[in-house]
Amino acid sequence: TTLDDVAEVIERDPDTSKPLNERGRRPLGVFAVNVLPITVRELDIEISGFVDLTAEKEQTIEDALTEAIAEVRPFIAGADLLSERNDVIGQNNIINIILNAVPGAAFATVSLKVDSTPVASYQFLLGDIPHLNSVTYV
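Quantities reported herein were computed from a predicted structural model and do not represent experimental measurements. Residue numbers here run from 1 along each chain, matching the order of that chain's written sequence. Under the rules for a predicted model, residues below a pLDDT of 70 receive no local features and side-chain atom pairs below 80 are neither given nor counted, while totals for whole chains, interfaces and linings still include all residues. Just so you know, side-chain values use all the structure's heavy atoms and leave hydrogens and water out.

### Concerning the side chain of arginine 23
A helix here means a DSSP run of H or I that spans at least four residues, while a strand means a run of E at least two residues long, and both kinds are numbered starting from the N terminus. Residue placement: arginine 23 occurs in the loop between helix H1 (2-11) and strand E1 (39-48). Categorising residues by exposure relies on relative accessible area from a 1.4 Å probe, with only protein chains included: less than 20% of the type maximum marks a residue as buried, more than 50% marks it as exposed, and the intermediate range marks it as partly exposed. In this charge count, Lys and Arg are treated as positive and Asp and Glu as negative; neither His nor the chain ends contribute. Any Lys or Arg side-chain nitrogen located within 4 Å of an Asp or Glu carboxyl oxygen qualifies as a salt bridge. No salt bridge is formed by the buried arginine 23. Its closest oppositely charged neighbour is aspartate 13, at 5.6 Å. Counted as a polar contact is a pair of N or O atoms within 3.5 Å, where, for protein atoms, one must be capable of donating a hydrogen and the other of accepting one, and residues adjacent in sequence contribute only when both atoms are in side chains. A distance of 3.4 Å separates a polar atom in the side chain of arginine 23 from the backbone oxygen of aspartate 15. Contact criterion: two residues are considered in contact whenever any of their non-hydrogen atoms come within 4.5 Å of each other. For arginine 23, the contacting residues outside a window of four places in its chain are Glu11, Arg12, Asp13, Pro14, Asp15, Thr16 and Lys18.

Following this line, the structure appears as structure tokens:
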């Protein structure tokens, strides 16, 4: 239903106060507009060997990870700027986020799982959207 509503709004402006000939929205030269659903990819992050871990540091790290991961989106050629491309998340990104959130943090390793599959990095393509499922400390 939501996808049908989006497709309808792309075709025609819902503002009924406008004349009918001003409500068309389909881009010029486009015969069919595809509206596709997203696929949520669950991220699980495991941080091992964190030194001097407190509840405050845990919350700060989780907030920073949530905020950074919310910015990761599939790259759309022709619509997004190449200089602002942000469609990959990896262990190095996560380490950087942790160190920016808690300067001087010391820990052994970071593991990343996407949909329960261990990966070093993952590129979000074709409607894949990341969601931080869990952050665990071992």
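### Side note on the pairing of E1
One ladder, built from nine bridges, connects E1 with strand E6 (residues 128-137); its direction is parallel. The partner of valine 40 across the bridge, within E6, is isoleucine 129. Where E1 meets strand E3 (residues 109-114), six bridges bridge the pair, whose relative direction is antiparallel. Each bridged residue has a counterpart across the sheet, and for isoleucine 45 the counterpart in E3 is leucine 112. Two strands qualify as a pair provided that DSSP identifies no fewer than 2 bridges between them.

### Some words on the packing of helix H2 (residues 55-70) against helix H3 (residues 91-101)
In this description, a line fitted to the C-alpha atoms serves as the axis of each element, helices being fitted only across the stretch in contact, and the angle between N-to-C directions of two axes falls anywhere from 0 to 180 degrees. The interhelical angle for the contact between H2 and H3, taken along N-to-C directions, is 130°, at an axis separation of 9 Å. For the element pair H2 / H3, the angle class is oblique. In this structure, H2 meets H3 at a crossing whose hand is right-handed. From H2, Thr60, Ile61, Ala64, Leu65 and Ala68 reach across to H3, where they touch Ile94, Ile97, Ile98 and Ala101. Our angle categories are set so that under 35 degrees counts as roughly parallel, over 145 as roughly antiparallel, 65 to 115 as roughly perpendicular, and the remainder as oblique. Put simply, a crossing is left-handed when the front helix is turned counterclockwise from the back one by less than a right angle, and right-handed when it is turned clockwise.

### Describing H2
With 16 residues, H2 ought to run about 22 Å at 1.5 Å a step, and its terminal C-alpha atoms sit 22 Å apart, in line with that. By the burial criterion, the buried members of H2 are Ile61, Leu65 and Ile69. Take H2 and look down its axis: the buried residues cluster within an arc of 55°, on one side only. Facing away from the buried side of H2, by more than 90 degrees, are the exposed residues Ala55, Glu56 and Glu67. Buried positions along H2 lie against E1, strand E2 (88-90), H3 and E6. A helix is expected to span 1.5 Å for every residue after the first. Picture the helix axis, draw a direction to every C-beta atom, and the arc is the one those directions span.

### Topic: the environment of glutamine 91
Along the chain, glutamine 91 turns up in helix H3. Glutamine 91 sits 38 residues away from isoleucine 129 along the chain, and the two C-alpha atoms are 17 Å apart. Filtering out sequence-adjacent residues up to four positions away, glutamine 91 remains in contact with Val110, Ser111, Leu112, Val119 and Ala120.

### Observations regarding the packing of aromatic side chains
Stacked, edge-to-face and tilted are the three classes for Phe, Tyr and Trp ring pairs, Trp counted by its six-membered ring, which pair at centre distances within 6.5 Å; planes under 30 degrees apart are stacked, over 60 edge-to-face, the rest tilted. Going through the model one piece at a time under the given rule, you end up with three aromatic pairs. Taking the centre distance of 5.9 Å and the plane angle of 10° together, the rings of phenylalanine 50 and phenylalanine 107 count as stacked. Residue phenylalanine 50 is found in the loop between E1 and H2, and its partner phenylalanine 107 is found in the loop between H3 and E3; the two are separated by 57 residues along the sequence. Of the two residues examined, phenylalanine 50 and phenylalanine 107, each falls in the buried class. A centroid spacing of 4.8 Å and a plane angle of 70° characterise the contact between tyrosine 122 and phenylalanine 124, whose relative ring orientation is edge-to-face. Judged by its relative accessible area of 21%, tyrosine 122 falls in the partly exposed class. Members of the aromatic cluster, connected to one another through ring pairs, are Phe50, Phe107 and Tyr137. Its end group placed over the ring of phenylalanine 75, arginine 85 keeps NZ or CZ at 4.3 Å from the ring centre. Here, a charge over a ring is recorded when the distance from Lys NZ or Arg CZ to the ring centre is within 6 Å and its angle to the ring normal is within 35 degrees.

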